[in-house]
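This is what each chain is made of:
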Amino acid sequence: KVPDDRPIDGVDQTDLLLGTSDTGRRDALLTFVGPDLVAVRWRQFRTYFADVAPGRSGWGGTHGLPGTGSSAAPMNGYPKVFNIESDPREEHNIGALYEWVIGPTLKVVEDYKAGLQRYPNPPAANLTRW
C-alpha cells in the first residue's frame, strides 16, 4: 500500500535499478543528517549548507567535527559546491567558480520546503528513549 502521510513523487526508477539504463529520471537528491537538510545533489554537483563529519572512509572535502556523535554544524559564508563526477572525494570546493550552481540547488530546497506545508516531515526517531 502506498503511504498517504507523505508525498510520493512517482518517478519510476525501474530501468536504473534493473540495470537497463545508466541514468535515473531524477536530477536532484536531498541529504539529511537526522532532521537537518545538509546538502543537495543536483546533476553532477553537491552543495553543502552545513559542514558534515566524514565517515570512517574519511573524505577530505568537509571538516570533521570533534566530539561523540557530532555530525553537522552550520557553515559560515557561502555553501560549498563540489563536482562529484570529477572530484568524487569532494576535495576541491568549486563554489567560487561555479556559484551559478547554488541557484538551482536552492530551487530544489525551495520546492522541498513548499511541499512541507502540505506534508510535514514526521518527527525524527528518538534514539535516547527506549
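Now for a description of the structure that goes with this document. Numbers given to residues run from 1 along each chain, matching the order in which its sequence is written. The predicted origin of the model limits local features to residues at a pLDDT of at least 70 and limits the giving and counting of side-chain atom pairs to 80 or more, whereas totals for whole chains, interfaces and linings rest on all residues. Excluding hydrogens and water, the side-chain values take into account all heavy atoms of the structure.

What about helix α2 (residues 102–118)?
Note the threshold: Counting from the N terminus, the helices are the DSSP runs of H or I reaching at least four residues and the strands are the DSSP runs of E reaching at least two. Working rule for helices: expected span equals 1.5 Å times residues minus one. The rule is simple: take the accessible area with a 1.4 Å probe, protein chains only, and divide by the maximum for that residue type; under 20% is buried, over 50% is exposed, in between is partly exposed. What the arc covers is the set of directions going from the helix axis to the C-beta atoms.
Taking 1.5 Å of rise per residue, 17 residues should cover 24 Å, and α2 covers 25 Å from first to last C-alpha, within 8% of that figure. All buried positions along α2 are accounted for by Ile102, Thr105, Val108, Val109 and Tyr112. Burial along α2 is one-sided: seen end-on, the buried residues are contained in an arc of 125 degrees. Counted as exposed and oriented over 90 degrees from the buried face of α2: Glu110, Gln117 and Arg118.

Quick look at the packing of aromatic side chains
Aromatic ring pairs are reported here in terms of the distance separating the ring centres and the angle at which the planes meet. What counts, and what does not: Between 30 and 60 degrees the pair is tilted, below 30 it is stacked and above 60 it is edge-to-face, where a pair is any two Phe, Tyr or Trp rings, Trp via its six-membered ring, whose centres lie within 6.5 Å.
Applying the stated criterion to the full structure yields seven aromatic pairs. Consider the rings of Phe32 and Tyr112, whose centres lie 5.6 Å apart with planes at 65 degrees: the pair is edge-to-face. One end of the pair, Phe32, is in strand β1 (residues 28–33); the other, Tyr112, is in helix α2, and 80 residues separate them in sequence. Aromatic pair Tyr98 and Trp100: ring centres 6.4 Å apart, planes at 50 degrees, arrangement tilted. Judged by relative accessible area, which is 34%, Tyr98 ranks as partly exposed.

Comments concerning the pattern of salt bridges
Put simply, the rule reads: Salt bridges are defined as contacts in which a side-chain nitrogen from Lys or Arg sits within 4 Å of a carboxyl oxygen from Asp or Glu.
Across all of its chains, the model carries five salt bridges by this definition. The salt bridge involving Lys80 is made with Asp51; its shortest N-O contact spans 3.0 Å. In this pair, Lys80 is assigned in strand β6 (residues 80–83) and Asp51 in strand β4 (residues 50–52), connecting sequence segments 29 residues apart. For Lys80, a relative accessible area of 11% puts it in the buried group.

Some words on the sheet that holds β1
Worth spelling out the cut-off: Criterion used throughout: strands pair if DSSP finds at least two bridges between them. Each axis is a line fitted through C-alpha atoms, taken for helices only over the stretch in contact, and angles between the N-to-C directions span 0 to 180 degrees. Should any heavy atoms of two residues lie within 4.5 Å, those residues are considered in contact.
Spatially, the four strands line up as an open sheet ordered β1-β2-β3-β6, and their pairing is antiparallel. Each edge of the open sheet is held by one strand with a lone partner, namely β1 and β6. The mean inter-strand angle of the sheet, taken between neighbouring strand axes irrespective of direction, is 20 degrees. By the bridge criterion, four bridges tie strand β3 (residues 45–48) to β6 in an arrangement that is antiparallel. From the neighbouring strand, Phe45 faces β6, where its bridge partner is Asn83. On the sheet, α2 packs against β1, β2 (36–42), β3 and β6 and is oriented at approximately 130 degrees with respect to β2.

Overview of the nonpolar core
Quick reminder of the rule: Residue types Ala, Val, Leu, Ile, Met, Phe, Trp, Tyr and Cys, when buried and joined through side-chain atoms within 4.5 Å, form a set referred to as a nonpolar core.
Of all hydrophobic cores here, the largest spans 10 residues; its members are Ala28, Val40, Trp42, Phe45, Val81, Ile94, Val101, Ile102, Val108 and Val109. If you list the elements that add at least two residues to this core, you get β2 and α2. Per-element accounting of this core gives the leading share, three residues, to α2. Those residues within four positions of Val109 in sequence are excluded, and the remaining contacts are Leu37, Val40 and Phe49. One finds Val38, Ala39, Tyr48 and Val52 within the second-largest nonpolar core, a separate group that totals seven residues.

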